[in-house]
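What the coordinates show
Given next are the chains, with one letter for each unit.
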Amino acid sequence: MAELPPENPSKPGRPIGYALYYKGYCVNHGKMVYLENIYVVPEFRNKGIGKQLLVKVAEVALAAGCTGMKFSTMESNQRAKKLYLRLGAQDTTESLDWHCMEFNKEGLQKLVQGRQAS
């Protein structure tokens with residue numbers, strides 16, 4: 001969590017960003033951190049806060065013995081994509097032929113009910 005320091009020390013700081021992640025295991029790479037979401041309040045963007053959040057998650061990953069961090073970004077979010085690439089992330093969409101898959105709610109219901117073709 002990134003917070004703006006409080007004006008009054010007896011009050012909490014104002015949240016201005018967060019990184020939501022979890023630890024998991026990848027059969028190809030071992031222990032991994034999966035970055036679910038990263039967000040910085042618009043008025044605080046371009047101030048290095050997103051980078052600081054990523055650095056903190058990277059520190060957690062390394063301390064836990066993880067071999068990497070996986071995450072995705074939307075094609076339309078070119079600003080974030082450029083930041084990740086600038087910081088050293090690799091876009092494996094084409095190079096490794098990995099595809100981000102998901103089930104929507106209807107797809108989950110069909111899967112549970114056995115109506116999805118096999």
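Structural notes, computed from the coordinates. (Residues numbered from 1 in each chain as written. Predicted model: local features only at pLDDT ≥ 70, side-chain atom pairs only at ≥ 80, totals over all residues. Heavy atoms only, no water.)

**Considering the pairing of strand 3 (residues 30-40)**
Inspection of the sheet shows strand 2 (residues 14-26) paired to strand 3 by 10 bridges, in the antiparallel sense. When the sheet's bridge partners are listed, Y22 is paired in strand 3 with Y34. Of the strand pairs in this sheet, strand 3 and strand 4 (residues 68-70) are connected by three bridges, and their pairing is parallel. Its bridge partner lying in strand 4, V33 is registered against M69. With helix 1 (residues 49-63) bridging strand 3 and its parallel neighbour strand 4, the resulting β-α-β unit is right-handed. (Pairing = 2+ DSSP bridges. Helix = DSSP H or I, 4+ residues; strand = E, 2+ residues; numbered from the N terminus. Right-handed = clockwise from strand over helix to strand, strands pointing away.)

**A look at helix 4 (residues 105-113)**
The N-cap of helix 4, judged by a side-chain oxygen 3.2 Å from the amide nitrogen of E106 a few residues on, is N104. Positive phi appears at G114, one or two residues downstream of helix 4, with a value of about 75 degrees. (Polar contact = N/O pair within 3.5 Å; in protein donor to acceptor, adjacent residues only side chain to side chain.)

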